[in-house]
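Now for the letters of each chain:
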Number of protein chains: 2
Amino acid sequence: MIIKSHPLSCAIAMGTALLVSGAALADDGLGDYRDRFEPLPHFPPLPADNSLTPAKVQLGNMLFFEPRISSSGVISCATCHNPALGWSDRIPRATGHDGQIGERNTPTVLNSGFLDAQFWDGRAPDLEAQALGPIEADVEMAMDLGDALERLEGFDLYQERFAEAFPDQETPINETNLAQALASFQRTLNTPESPFDRYLYGDMNALNEQEKDGMVAFVDNGCIACHRGPNLSDSQFHRIQVPGSTDVGRYEVTGEESDRHKFRTPTLRNVAVTYPYMNNGATETLEEAVAIMGQEMLGQDFQDEEIANITAFLHTLTGEMPDFEVPALP
Amino acid sequence: MIIKSHPLSCAIAMGTALLVSGAALADDGLGDYRDRFEPLPHFPPLPADNSLTPAKVQLGNMLFFEPRISSSGVISCATCHNPALGWSDRIPRATGHDGQIGERNTPTVLNSGFLDAQFWDGRAPDLEAQALGPIEADVEMAMDLGDALERLEGFDLYQERFAEAFPDQETPINETNLAQALASFQRTLNTPESPFDRYLYGDMNALNEQEKDGMVAFVDNGCIACHRGPNLSDSQFHRIQVPGSTDVGRYEVTGEESDRHKFRTPTLRNVAVTYPYMNNGATETLEEAVAIMGQEMLGQDFQDEEIANITAFLHTLTGEMPDFEVPALP
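Keep in mind the model is a prediction, meaning the values are calculated, not measured. (Residues numbered from 1 in each chain as written. Chains lettered and ligands numbered in written order. Predicted model: local features only at pLDDT ≥ 70, side-chain atom pairs only at ≥ 80, totals over all residues. Heavy atoms only, no water.)

## Some words on the interface of chain A and chain B
Tallying the contact residues gives 23 residues for chain A and 23 residues for chain B. Counting the surface chain A buries against chain B, the share from its top three residues, Val 74, Ala 84 and Val 326 of chain A, is 27%. Where chain A packs against chain B, one counts 0 salt bridges. In this structure, the connection of chain A to chain B is made through 10 residue pairs in polar contact (both at pLDDT 80 or more). (Contact = heavy atoms within 4.5 Å. Buried area = accessible area lost by both parts, 1.4 Å probe. Salt bridge = Lys/Arg side-chain N within 4 Å of Asp/Glu carboxyl O. Polar contact = N/O pair within 3.5 Å; in protein donor to acceptor, adjacent residues only side chain to side chain.)

## A word on the UniProt feature "binding site: heme c 2" (unreviewed entry) in chain A
Residue and element names in this part refer to chain A. In this structure's numbering, the residues bearing the UniProt feature "binding site: heme c 2" (unreviewed entry) are Cys 223, Cys 226, His 227 and Met 293. Considering the C-alpha atoms alone, the annotated residues occupy 71 residues of sequence yet fold into one spot, their largest mutual distance being 11.5 Å. Locating His 227 in the fold gives a position in the loop between α11 (209-220) and β1 (237-239). Classification of His 227 as buried rests on a relative accessible area of 10%. Excluding residues that lie within four positions of it along the chain, His 227 makes contacts with Phe 218, Leu 232, Ser 233, Thr 265, Pro 266, Leu 268 and Met 293. Taking relative accessible area as the criterion, Met 293 reaches 25% and is therefore assigned partly exposed. Contacts of Met 293, omitting those with residues within four sequence positions, involve His 227, Ile 240, Met 278 and Leu 298. (UniProt positions renumbered as here; feature names shortened; annotations may be inferred. Helix = DSSP H or I, 4+ residues; strand = E, 2+ residues; numbered from the N terminus. Buried < 20%, exposed > 50% of the residue type's maximum accessible area, 1.4 Å probe, protein only.)

## Regarding the environment of Ala 181 of chain A
Residues and elements named next belong to chain A. Tracing the chain through its elements places Ala 181 in helix α9 (residues 175-186). Taking relative accessible area as the criterion, Ala 181 reaches 0% and is therefore assigned buried. Along the primary structure Ala 181 and Ala 165 are separated by 16 residues, whereas in three dimensions their C-alpha atoms are 8.0 Å apart. Look past the residues within four positions of Ala 181 in its chain and what remains in contact with it is Lys 56, Leu 59, Gly 60, Leu 63 and Phe 166.

## Comments concerning the relation of the copies chain A and chain B
Between chain A and chain B, the superposition needs a rotation of 180° and an axial shift of 0.0 Å, giving an RMSD of 0.0 Å. These values place the two chain copies in the arrangement generated by a two-fold rotation axis. Ranked by how close their C-alpha atoms come to the rotation axis, the residues of chain A are headed by Asp 98 of chain A, at 2.2 Å. Both copies contact each other with a shared surface, as 100% of the interface residues of chain A are interface residues in chain B too. (Least-squares fit on C-alpha atoms with pLDDT ≥ 70 in both.)

## Regarding the packing of aromatic side chains
We describe a pair of aromatic rings using the distance from one ring centre to the other and the angle between the two ring planes. Residue and element names in this part refer to chain A. Across all of its chains, the model carries 32 aromatic pairs over all chains by this definition. Ring geometry for Phe 64 against Trp 87: centres 5.7 Å apart, planes inclined by 55°, an arrangement best described as tilted. Linking Phe 64 in helix α3 (residues 54-64) with Trp 87 in the loop between α4 (77-80) and α5 (127-131), this pair joins segments that are 23 residues apart in sequence. You can call Phe 64 buried: its relative accessible area is 1%. By relative accessible area, which is 1% here, Trp 87 ends up buried. When the centroid spacing of 5.8 Å and the interplanar angle of 5° are considered together, the rings of Phe 65 and Phe 324 count as stacked. Taken together, the positions of Phe 65 in the loop between α3 and α4 and Phe 324 in the segment after α14 (304-315) put the pair 259 residues apart, joining distant regions of the chain. (Phe/Tyr/Trp six-rings, centres within 6.5 Å; stacked < 30°, edge-to-face > 60°.)

## A look at the UniProt feature "binding site: heme c 1" (unreviewed entry) in chain A
Residue and element names in this part refer to chain A. According to UniProt, the feature "binding site: heme c 1" (unreviewed entry) maps to Cys 77, Cys 80, His 81 and His 97 in the numbering used here. Checked against the lining of the second largest cavity, the annotated residues just named reduce to His 97. In this structure, Cys 77 sits in helix α4. Cys 77 gets classed as buried once you look at its relative accessible area, which sits at 13%. Residue contacts for Cys 77: discarding those within four places in its chain leaves Leu 63, Phe 64, Met 141 and Leu 182. A relative accessible area of 13% means that Cys 80 is categorised as buried. Apart from residues no more than four positions distant in its own chain, Cys 80 is found in contact with Trp 87, Ser 88, Asp 89, Thr 95 and Thr 106. (1 Å grid on protein atoms, 1.4 Å probe; cavity = no way out; pocket = protein on both sides within 12 Å on 5 of 7 lines; lining within 4 Å.)

Laid out in structure tokens, this is it:
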């Protein structure tokens, strides 16, 4: 994974401007806490073999909303990763082909480009490897990939758009390019400039006292051990069995006993708008989720005030929703 | 049904301006044909008991994209009336709850406010009467209406928005208002300013020669007998049994023998982007659809050239897609 130069230089300049103007404000004495965090960049790292181009992003946008790459013809990526619902689905477990209910809660695609392991069990290392899984999964879009490509080939517009996005290729409509286009679009779905980011950039008033108390509790209690980095996830796997879950997690991927019941740390970005919580989606509120994580991961019963403060802090992680268009499909 | 004053007076002014400037162009000698048609207004007639307000439209926009008024929690109005697919679904027959496939092709909601009979069998006279049907239908959203209202009541944001849209009501979240809000939003989904409308307004170059030949054939062959008025539908019921269909149509509604196999004339507005065709969605292309209608309704076999011309004309009925927002749902 190579970090390329940032595609949105004006956005970077904006961030810098915030930083500079913010620095003029009176410090609140919590610099040691702020130093433990990183603001969310406007774009995630890009892989060396999938440069981000407008043509790929536009094609990926079309494909993300394209239901005809599902066997029913009515389920698209946007069905479960619904932009109206925080790019997730707000039901406990994903519901896909023929109303089948999967085993796990749908993760948001927002900021997913910042994760080094995709899916709850990390069975894909990056968005390119992730993109085709739900198309093929029997309980999701239930579509044979060859059939999906054949459907796309049937549309002149897709033939044009794939050729534009992947020039000089003899058969641009192929699995690799389908994945690359979807991944490219998803890398644009980021939510910088949350109140917490503005605070990290130096605006001391972007968080109120309770939210700052929550940030302090988040650090002091060790939540930050796993929920760290710009996306507040270490992309690592940790053992957890939340109430009601028998899911063996990463063990399904590796077959290693040590991976039984391990799950990749989910992002906390936009966590307030991506309920319900946990791998089985059985936890409805953020307050419950905070309490459960205290018990299961940190071995402690948070007091009500602490739960309220941490929850208030988590609300500051909701950023500006990304621009996108509902495409006119052929 | 009372026609109120037009909510978009500037849009009307624009139409008038087009008319005036267009009148200066050289006439193409087809005025007698143009006189048989009516341009699409920017807004349909409004019912006396459901005034169009921004608050209702905004609420209706939210509800239209709201999957939690379906029993699975993943199907919304926008699932089958997909804005990416001409506000329809582009599959033969609607696919709904648990992947069940209905009996009929999904009609577009575009310009549906101009129809005086809703559904293929006209079982609802207007959009208010239509709106709740798909929520309750077992093969569509499969939701008890009481449960749907209860889910909406669970969200503070819906409580606010219903109260704003329907002020001074004790329990604004009710069936009537759900229907009125959805109908209000749908009345904004219109596609004026198609090439054919511009031609009717006086721009003689908005249609090419083949398209004009198609318009002439459309009139001379009698297609216009049923496909007439601003939405190119008489909202009346006509007997037709397209290949493969055993659907008894309006007979299901009235039980009258004379209504067996009768269907409401569908709009031809945006017909090029709302394939496939016919009540059973079994006809994939516009050319086939034109040929079938010639045989079934007019008792004649159109020549290839006539089919090509009429098809070219039908393509000029695709208007500008309406503005809308994917709402941020609670």
